[in-house]
Amino acid sequence: MSTQRPHNDYLIHAINRMAILSGLGPAGVREVAQAAIWREFAQGGIVFLEEEDSPGLCHLYSGWLKVIKMSADGREQVLRYLGPGETFNEVGALSQRPNPATVIALESAGLWIIPRRAIQLIIVAHPDLALPMLANMANRVAELVNLVAELSLHSVEVRLARFLLDQASDRVMA
């Protein structure tokens, strides 16, 4: 695997940019960075499985991941693709629930995991972080509700037309 662990300065910078941890002071950021665990995954590697205990909040340093739900007959629904610099698994970090989905490495990937217990201690020590965390979670729920609506309420033709229009408008904006 070619992913190399980044210097801790990268992690401190990344924590400062995480919406879910916005407002955390320098001491809190250092505390989070000290609790973080570095993990590497080969292409096709399972970062975590649906229904397993959640490892905590994750920050992807390198590589690409996909978040999926699997049906009993083996069909998969991609919920989200994740690229470098993205933070994910807020549900697992903030609740006592198992992982709500499976995450798979699409290529070699390196990420930091901030254990659930560390997040809980930070919230207790810095209760003012609770509101930004709730706002972040509300945004994630809204994204998933929109995805469910898109998949269940619109035909394949309508979804394809919307996708093509979005792609065309992205090109015009660029």
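Let me begin by describing the structure that accompanies this report. Since the model is a prediction, treat every value here as computed from it, not as a measurement.

### Describing the pairing of strand S7 (residues 102-105)
No. 1: Here S7 shows no split at all, with Thr-102 and Ile-104 on one side and Val-103 and Ala-105 on the other all buried.
No. 2: Bridge analysis of strand S2 (residues 46-48) against S7 gives 2 bridges, and the strand direction is antiparallel. Bridge assignment links Phe-48 to a residue of S7, and that residue is Val-103.
No. 3: Relative to S7, strand S4 (residues 65-70) is paired through 4 bridges, and the arrangement is antiparallel. Its bridge partner being in S7, Ile-68 is matched across the sheet by Thr-102.

### As for the sheet that holds strand S1 (residues 37-41)
No. 1: Strand order in the open sheet made by the 4 strands is S1-S8-S3-S6, with antiparallel pairing throughout. For this open sheet the edge positions go to S1 and strand S6 (87-88), each flanked by a neighbour on one side alone.
No. 2: With 2 bridges joining them, strand S3 (residues 56-62) and S6 adopt antiparallel strand pairing. Following the sheet pairing, His-59 is matched in S6 by Thr-87.
No. 3: The sheet strands contacting helix H1 (residues 8-17) are S3 and strand S8 (109-115), and the helix crosses S3 at an angle near 120°.
No. 4: Strands in contact with helix H4 (residues 116-125) are S3 and S8; relative to S8, the strand with the most contacts, it is inclined by about 50°.

### Overview of the packing of aromatic side chains
No. 1: Evaluated as defined, the whole model comprises 4 aromatic pairs.
No. 2: A centroid spacing of 4.7 Å and a plane angle of 80° characterise the contact between Tyr-10 and Tyr-61, whose relative ring orientation is edge-to-face. Of the two residues, Tyr-10 is situated in helix H1 and Tyr-61 in strand S3; the sequence distance between them amounts to 51 residues.
No. 3: Among the residues examined, Tyr-10 registers a relative accessible area of 22% and is labelled partly exposed.
No. 4: With relative accessibility at 29%, the residue Tyr-61 sits in the partly exposed group.
No. 5: Clustering of aromatic rings is evident, with ring pairs tying together Tyr-10, Trp-38, Tyr-61 and Trp-112.

### Examining the pattern of salt bridges
No. 1: Inspection of every chain in the model, using the stated rule, returns 4 salt bridges.
No. 2: Of the charged contacts in the structure, one is a salt bridge between Lys-69 and Glu-50, with a shortest N-O distance of 2.8 Å. With Lys-69 in strand S4 and Glu-50 in the loop between S2 and S3, the pair connects residues that are 19 residues apart, well separated along the chain.
No. 3: In this structure Lys-69 comes out as partly exposed when scored by relative accessible area, which is 33%.
No. 4: Note that Glu-76 is salt-bridged to Lys-66, the shortest N-O span being 2.7 Å. Of this pair, Glu-76 sits in strand S5 (residues 76-82) while Lys-66 sits in strand S4, placing them 10 residues apart in sequence.

What counts and how
- Residues numbered from 1 in each chain as written.
- Predicted model: local features only at pLDDT ≥ 70, side-chain atom pairs only at ≥ 80, totals over all residues.
- Heavy atoms only, no water.
- Buried < 20%, exposed > 50% of the residue type's maximum accessible area, 1.4 Å probe, protein only.
- Helix = DSSP H or I, 4+ residues; strand = E, 2+ residues; numbered from the N terminus.
- Pairing = 2+ DSSP bridges.
- Contact = heavy atoms within 4.5 Å.
- Axes fitted to C-alpha atoms, helices over the stretch in contact; angles between N-to-C directions.
- Phe/Tyr/Trp six-rings, centres within 6.5 Å; stacked < 30°, edge-to-face > 60°.
- Salt bridge = Lys/Arg side-chain N within 4 Å of Asp/Glu carboxyl O.

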